[in-house]
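# Commentary on secondary and tertiary structure
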Amino acid sequence: MKLPFPDLPNSSMANTSFSSLGYELKPAASLHPASHDASLENLFVPLISITPSNICPLTVYDRNGFKAMLHFSRDPAPGQPDVLVMVLSMLSTSAQPIKDIAFQAAVPKTMNIKLQPASGSELPAFSPLLPPAVVSQVLLLSNPHKDPIRLRYKLAFMQGAQPFSEVGEVTGFPEAELWGR
């Protein structure tokens, strides 16, 4: 599924189409039909079943009191040794609530990605007296050629009455063989 980005801000990314670079943007499964890739289409990994790796997470976004990080699972998807599992965790330290959180991801056409539905789309205003709330989303990545992982994303949300939309690329992925250590 290809999605246009008519609302991208003026940046170096705004002039670059994901599809022209060999990327295909995938939204969350709950928002649009699942990927046509048979290895991921019927695959679902419950968040509670994931064992985190000892590898430090990668920061996807960290601005305006809103942070998104990618954590790695120690184990591949059950019954699918070539499908890597990641968890995107999003949290807020903002004095304003975060609403309408939407994360989309794109990988090179040699890979496939499936975003499972997020655990929610809102985070309350931060309170130092309460544990921080977290929105989590499981990402399943099929990388049959074992290519270096490249992931582009679009993150949109409302902070109070202010809309934010960010596109970028996550770099620095550890080699998949290290995730299980």
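The following paragraphs examine the structure supplied in this document. Each residue is numbered by its place in its chain's sequence as written, counting from 1. Predicted model: local features are reported for residues with pLDDT of at least 70 only, side-chain atom pairs are reported and counted for 80 or more only, and whole-chain, interface and lining totals are derived from all residues. To obtain the side-chain values, all non-hydrogen atoms of the structure were used and water was disregarded.

Now for the packing of aromatic side chains. Whether two aromatic rings pair depends on their centres lying within 6.5 Å, for rings of Phe, Tyr and Trp, where Trp uses its six-membered ring; planes under 30 degrees apart make the pair stacked, over 60 edge-to-face, and the rest tilted. For the coordinates displayed, the defined rule picks out 7 aromatic pairs. Plain terms: the ring middles of F66 and F157 are 4.4 Å apart, the flat faces sit at 45 degrees to each other, and that makes the pair tilted. Taken together, the residues span a long stretch of sequence, with F66 in strand β3 (residues 66-72) and F157 in strand β8 (residues 151-159) at a distance of 91 residues. Relative accessible area serves as the criterion here: at 2%, F157 is assigned to the buried category. Arranged with centres 6.1 Å apart and planes meeting at 70 degrees, the rings of F72 and F173 form a pair that is edge-to-face. Of this pair, F72 sits in strand β3 while F173 sits in the segment after β9 (162-170), and the two are 101 residues apart along the sequence. The same class applies to F72 as to F173, namely buried. In this text, helices come from DSSP runs of H or I with a minimum length of four residues, and strands from runs of E with a minimum of two, each type numbered from the N-terminal end. Buried residues are those whose accessible area, probed at 1.4 Å on protein chains only, stays under 20% of the maximum for their type, while exposed residues exceed 50% and partly exposed ones sit between those limits.

What follows deals with the nonpolar core. Core analysis: the biggest nonpolar cluster contains 31 residues, and F66, I101, F103, L139, L151, L155 and F173 have the highest contact counts within it. Sorting the residues of this core by element identifies β2 (58-63), β3, β4 (83-92), β5 (98-108), β6 (112-115), β7 (134-142) and β8 as the ones contributing at least two each. When checking whether two residues touch, look at their non-hydrogen atoms; a contact exists if any pair is within 4.5 Å. Sequence-distant contacts of F173, that is, excluding residues within four places in its chain, are made with L58, L70, F72, M86, I149 and L151. Counting residues in each nonpolar core, the second largest holds 10 residues, with L43, V45, A77 and V87 among its members. For this analysis, a nonpolar core means a set of buried residues of the types Ala, Val, Leu, Ile, Met, Phe, Trp, Tyr and Cys, connected via side-chain atoms within 4.5 Å.

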